[in-house]
Structure formats: C-alpha cells, structure tokens
Amino acid sequence: MHKYVMNFKVFFIESEKRKNLDDVNKTLKKLPKKYRDLFKGFKFKFEADNTLNGDDKHVGLIDTEKKTITIAAPWNYGREFTLLHEIAHLVWANFLEDDLKKKWNNIAKNTKNKMNDGLEELFCMAFASTYCKHPVAIHNHKKWIKFIKNIPN
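A brief report on the enclosed structure follows. (Residues numbered from 1 in each chain as written. Predicted model: local features only at pLDDT ≥ 70, side-chain atom pairs only at ≥ 80, totals over all residues. Heavy atoms only, no water.)

### Remarks on the packing of helix α4 (residues 98-111) against helix α5 (residues 119-131)
Each pair of packed helices can be described by the angle between their axes along with the distance between the axes.
Point 1. Two elements in contact, α4 and α5, have axes whose closest approach is 11 Å; the angle formed by their N-to-C orientations is 75°. One element, α4, and the other, α5, form an angle in the roughly perpendicular class. Between α4 and α5, the contacting residues are Lys101, Trp104, Asn105 and Ala108 on the first element and Leu119, Leu122, Phe123 and Ala126 on the second.
Point 2. Grouping the constituent residues of the contact of α4 with α5 by class yields six nonpolar, one polar and one charged. (Axes fitted to C-alpha atoms, helices over the stretch in contact; angles between N-to-C directions. Helix = DSSP H or I, 4+ residues; strand = E, 2+ residues; numbered from the N terminus. Parallel < 35°, antiparallel > 145°, perpendicular 65-115°, else oblique. Contact = heavy atoms within 4.5 Å. Nonpolar A, V, L, I, M, F, W, Y, C, P; charged D, E, K, R; others polar.)

Now the structure itself:
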C-alpha cells in the first residue's frame, strides 16, 4: 500500500476517534455530576461492527477493572443510547440501594406489559432513553423518567 494511502487511513481513523470522543463529551455533559464522577478515568472504545468483537450477543460492555467502556455500532440502537445504557450499569450499582430497586420493580411492573428483561437491564434501557438525544420509544415512559431523574445522591 502506498505510504500516502496508509497515512490517510491513519489520519481518518484518528479523526474518527476524536469525533467519537467529542460526541462522548457532549453526551456526558447531559448527565448530573454525580453520575459523571462514576467513570472518571474510564477510556471509551468504539467498534465498527453490529455487536462487540468476539461477542455476538452484546453491543456494549463496561469493564470496571480495566476502566473501559466498549461500544459497538448496533443496528437497533444508536451509539449514544448504547453508551448511556452501559453507564447506567454503574448508576445501578452505585446509587440504587435495595429500597430503590424495590421501588423501581414496582414502577416497572405496573407500567410495562411484558418484562422480558431483568430489572437492571430495564433500568439501563430507561436511563439511556431518559438522557439520550433520541429516546427509544418503548423505553421512554413518564414514570420511568421521573424515577431516574429523582435518584438521590
């Protein structure tokens, strides 16, 4: 491959990484500070496929030990939604005590006809819809948004 083509490819990949990080920063600014603090020091990785490399069932992954959040380019969800969904797993683990999880269970049970997803997954979908630019309609419910916006510190 000609060195100019190779240099352009490197330039293109690096430009795409910078654009993705700019988009990440815009999304993170939408979140309350208490949530942004949860993932300080995390690195964000983006993959081009519909699912994560080597994992045909997932579109995002948060690794708290390596401090990384990896996002694919899913067919059914936008990357912003997927990123917020992964962040919501940290929110679930750090802000929802048992009493809030019970409250979430009651709200979800009384507002969703079929709960095929577990409580945490449903919460993460609702959290992502609450804060993303283009919410996913089936996860965008007034009572869910109210619950998520009122999670105490």
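### A closer look at helix α3 (residues 79-95)
Point 1. Its 17 residues place the ends of α3 24 Å apart at the C-alpha level, agreeing with the 24 Å of an ideal helix rising 1.5 Å per residue.
Point 2. Taken across its 17 residues, α3 has 13 buried, putting it largely inside the fold. (Expected span 1.5 Å × (residues − 1). Buried < 20%, exposed > 50% of the residue type's maximum accessible area, 1.4 Å probe, protein only.)

### Quick look at the pairing of strand β3 (residues 68-71)
Note on strand geometry: in a regular strand, side chains alternate between the two faces of the sheet.
Point 1. Residues Thr68 and Thr70 line one face of β3 and the alternating positions Ile69 and Ile71 line the opposite face, and both faces are buried.
Point 2. In this structure, strand β2 (residues 60-63) lies alongside β3, joined through four bridges in antiparallel fashion. What sits directly across from Leu61, in β3, is Thr70.
Point 3. Between β2 and the antiparallel strand that follows it, β3, lie four residues; Lys67 among them carries a positive phi value of about 55°. (Pairing = 2+ DSSP bridges.)

### Regarding the packing of α4 against helix α6 (residues 142-149)
Point 1. Viewed as axis vectors pointing N to C, α4 and α6 meet at an angle of 165°, and their least axial separation amounts to 10 Å. With respect to their mutual orientation, α4 and α6 come out roughly antiparallel. You can see that α4 and α6 cross each other, and the crossing is left-handed. Two secondary-structure elements touch here, α4 through Leu100, Lys103, Trp104, Ile107, Ala108 and Thr111 and α6 through Lys143, Trp144 and Phe147.
Point 2. For the contact of α4 with α6, the per-class residue count stands at six nonpolar, one polar and two charged. (Left-handed = near helix turned anticlockwise from the far one by under 90°.)

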